[in-house]
Amino acid sequence: MRASYAILCLLVCLAAGADARTWHVPGDAPTIQAGLDLAATADTVLVGAGVHFEHDLLVTSGVVLRGETGLADGVIIDAQSQGRLLAAVAVADTVVVEGITFRNGLATGAGDSSCGGAVHLVQTSARFRDCAFLDNTAEAAGGALHADGCALVELIDCDLSNNTARAPGYPAQGGAVAAFAYPTDGSLVLRRCNLDGNLSGGPGGAVYLDDGNLFLTDTDVTGSRSGQESWPAGAGVFVRRASASPGGAGAPDLLVRISGCRFVDNAGRLVEAPDG
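Predicted model only: the values in this text are computed from it and were never measured. Within each chain, residue numbers correspond to sequence positions counted from 1 in written order. Selection of residues for local features in this predicted model requires a pLDDT of at least 70, selection of side-chain atom pairs for listing and counting requires 80 or more, and totals for whole chains, interfaces and linings are taken over all residues. Only hydrogens and water are removed before side-chain values are computed, so all heavy atoms of the structure are retained for them.

J.: Got a minute to help me understand the overall build of the chain in this structure?
T.: Counting from the N terminus, the helices are DSSP H or I runs at least four residues long and the strands are E runs at least two residues long. Of the regular secondary structure elements, the chain holds 2 helices and 30 strands. To sort residues, take the accessible area from a 1.4 Å probe on protein chains only and compare it with the maximum for the residue type: under 20% means buried, over 50% means exposed, and anything in between is partly exposed. Counting every position in the chain, which comprises 276 residues, the buried fraction comes to 50%. Sequence-distant contacts, at least 24 apart, represent 76% of the contacts inside the chain between residues at least 6 apart. Residue contacts are counted whenever heavy atoms from the two residues lie within 4.5 Å of one another.

J.: What should I look at first to understand the nonpolar core in this one?
T.: As a rule of thumb, nonpolar side chains are buried together in soluble globular proteins. Buried Ala, Val, Leu, Ile, Met, Phe, Trp, Tyr and Cys residues that are joined via side-chain atoms within 4.5 Å together make up what is termed a nonpolar core. In terms of nonpolar packing, the biggest core is built from 51 residues, with Phe128, Phe133 and Leu155 touching the most fellow members. For phenylalanine 128, the residues in contact, after removing those within four places along its chain, are Val97, Val119, Leu121, Phe133, Leu145, Glu154, Leu155, Ile156 and Cys158. One finds Cys115, Ala140, Ala178 and Tyr208 within the second-largest nonpolar core, a separate group that totals 7 residues.

J.: Would you mind going over the packing of aromatic side chains with me for this structure?
T.: For any pair of aromatic rings, geometry is given as the distance between the ring centres together with the angle between the planes. Classification of ring pairs uses Phe, Tyr and Trp, with its six-membered ring standing for Trp, and accepts pairs whose centres are within 6.5 Å; under 30 degrees between planes counts as stacked, over 60 as edge-to-face, and the remaining range as tilted. Applying the stated rule across the entire model yields 5 aromatic pairs. Aromatic pair phenylalanine 180 and tyrosine 208: ring centres 5.5 Å apart, planes at 45 degrees, arrangement tilted. You can see phenylalanine 180 sitting in strand S19 (residues 177-180) and its partner tyrosine 208 sitting in strand S23 (residues 207-210), a full 28 residues away along the chain. Assigned by exposure class, phenylalanine 180 and tyrosine 208 land together as buried. Measuring from ring centre to ring centre gives 5.7 Å for tryptophan 231 and phenylalanine 238, while their planes differ by 75 degrees; the resulting arrangement is edge-to-face. Take tryptophan 231: its relative accessible area is 23%, and that puts it in the partly exposed class.

J.: Looking at this structure, how should I read the side chain of asparagine 163?
T.: Checked against the element boundaries, asparagine 163 lands in the loop between strand S17 (159-161) and strand S18 (164-165). Accessibility expressed as a relative area gives 0% for asparagine 163, which makes it buried. Under this definition, polar contacts are N or O atom pairs within 3.5 Å; protein pairs additionally need one hydrogen-donor-capable and one acceptor-capable atom, and for neighbouring residues in sequence, both atoms have to be side-chain atoms. Looking at asparagine 163, its side chain comes within polar contact range of the main-chain nitrogen of aspartate 135, at 3.5 Å. A polar side-chain atom of asparagine 163 sits 3.0 Å from the main-chain amide nitrogen of asparagine 136.

J.: Just to check I follow, could you spell out the sheet that holds strand S15 (residues 145-148) for this structure?
T.: Strands belonging to one sheet form pairs held by backbone hydrogen bonds; the direction of such a pair is parallel or antiparallel. Strands pair, by our definition, only if DSSP identifies at least two bridges between them. As summarised here, the arrangement of the 7 strands in space is S4-S7-S11-S15-S19-S23-S27, forming an open sheet in which the pairing is parallel. This sheet does not close on itself; its edge strands, each paired only once, are strand S4 (57-59) and strand S27 (237-240). When the angles between neighbouring strand axes are averaged without regard to direction, this sheet yields 5 degrees. Across 4 bridges, S23 lies against S27 in parallel orientation. Residue pairing across strands places leucine 209 opposite valine 239, the latter belonging to S27. Lines fitted to the C-alpha atoms define the axes, with helices restricted to the stretch that makes contact. Angles between their N-to-C directions range from 0 to 180 degrees.

J.: Looking at this structure, I do not really get a nonpolar patch on the surface. What am I missing?
T.: Within the patch definition used here, like charges are joined within 9 Å and nonpolar side chains (Val, Leu, Ile, Met, Phe, Trp, Tyr) within 5 Å, considering only residues with over 30% relative accessible area and no salt bridge. Note on areas: these come from Shrake-Rupley sampling with a 1.4 Å probe, and a residue is covered only by the protein chains present in the view. Here a salt bridge means any side-chain nitrogen of Lys or Arg lying within 4 Å of a carboxyl oxygen belonging to Asp or Glu. On the surface, a nonpolar cluster with roughly 260 Å² of combined accessible area is contributed by Val256, Ile258 and Phe263. Mapped onto the fold, valine 256 is located in strand S28 (residues 256-259). A residue is classified by how much of its surface remains accessible, and valine 256, at 44% relative accessible area, is partly exposed.

J.: So what exactly am I meant to see when it comes to the pattern of salt bridges here?
T.: Once the charged atoms of two side chains with opposite charge are near each other, the side chains can pair. Tallied over the entire structure, the rule returns 11 salt bridges. Where arginine 66 meets glutamate 98, a salt bridge forms, and the shortest distance between an N and an O atom there is 2.8 Å. Residue arginine 66 is found in strand S5 (residues 64-67), and its partner glutamate 98 is found in strand S8 (residues 95-98); the two are separated by 32 residues along the sequence. Judged by relative accessible area, arginine 66 falls into the partly exposed class, the value being 30%. For aspartate 265, the salt bridge goes to arginine 225, with nearest N and O atoms at 3.3 Å. Within this pair, whereas aspartate 265 is found in the loop between strand S29 (262-264) and strand S30 (267-268), its partner arginine 225 is found in strand S26 (residues 225-226), the two being separated by 40 residues in sequence. Through salt bridges with shared partners, one network takes in Arg127, Glu154 and Arg191.

J.: Help me understand unusual backbone geometry, please; the structure alone is not making it clear to me.
T.: Backbone geometry follows two general trends: most residues other than glycine have a negative phi, and most peptide bonds adopt the trans configuration. For the peptide bond that leads from valine 25 to proline 26, omega is 15 degrees, which places it in the cis range. Positive phi values are uncommon outside glycine, yet aspartate 157 reaches one of about 55 degrees. Structurally, the position occupied by aspartate 157 is in the loop between strand S16 (152-156) and S17. Residue aspartate 157 is classed as partly exposed on the basis of its relative accessible area, which comes to 27%. If you check the backbone angles, aspartate 218 has positive phi at about 50 degrees while not being a glycine. Position of aspartate 218 relative to the elements: it lies in the loop between strand S24 (213-217) and strand S25 (220-222).

J.: Is there a simple way to think about the sheet that holds strand S20 (residues 187-191) in this case?
T.: With parallel pairing, the 9 strands of this open sheet are ordered in space as S1-S2-S5-S8-S12-S16-S20-S24-S28. Taken across any chain shown, the strands that pair with only one partner, and hence form the sheet edges, are strand S1 (22-25) and S28. Neighbour-to-neighbour, the strand axes of this sheet turn through a mean angle of 10 degrees, independent of strand direction. Here S8 pairs with strand S12 (residues 126-129) via 4 bridges, running parallel. Paired with valine 96 across the strands is arginine 127, a residue of S12.

Next comes the structure, spelled out in C-alpha cells:
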C-alpha cells in the first residue's frame, strides 16, 4: 500500500512538472511583464541577456523568474528611477528569482508605495539566488527589498550594494533589506551575500528585521550607515521583537544566528532618537 501511494505521489509530481512551461522574453513575450502575465504557477519566465528598462512588474503566481545567462550582470532590469521594479502580494506558492540584477528602482509616495525600492513582498515567500540589487531607493523601508508578513525570504549568493532607505526627517529602516515578519514569525535568510555601502535614515544600515528569525551565514556587511535622519541603531544589522507583537516582551524568543560573517566600517550617525 505504501509503495502504491509513493508511486502515485511521484506520478502526480511528474505530471505537474510536465505541465510547467518556459516563457522566453522576448521570444514568447515582448516584455518581462507580458511573460509574467502568461506564466502560471511553476512556469519559468526566462529573460534574455541585456538591459531591460521596465518597472512596477507584478508577480501573481509562484513562478520562476530567471536570467538566461545565469549571471546577475548578464540580465539587468533597470527602472531608471521611474518606480519600483517588482512586487508580489499574497502569492500562495514560493516565488523564485535567479540570475538578475535589479537596478535604479524607486519607491515613493504614501504607505506601502514608499517601501522596497527594488522588490516589495507582502505575505509571499520568495527565494533569490545569484541576484544583484544596486542603487535602489525607498523613502520608507527597505532600500532594495521590503517584506511584510512573509514566512520566508531567502537570498543566496546575492549582492546588495548602494541602496538607500531615506526621506527627510523620517527614520526609514533597512538600507538594503527591511522585513516585518508579524504575524508569521517568519525567517530572513542570507547566505554568501555581499551588502556594501547601504544607507538608512533610521535603524539598520543594511538590514532591519521586526518579529522574525534571522539566519546570516558567510555574508559581508560593510560600509553601512544608519540613522542619517534619526534613531541610529544597528549600523549594520538591527533585529527586534516589536512591542506591538502579541505578548509584547513576553512573546516567544526569536532566533538570530550569525556565522562566518564579516562586519567592517559600519557606523550610525549620532542624532536624537524619535519620541516613543
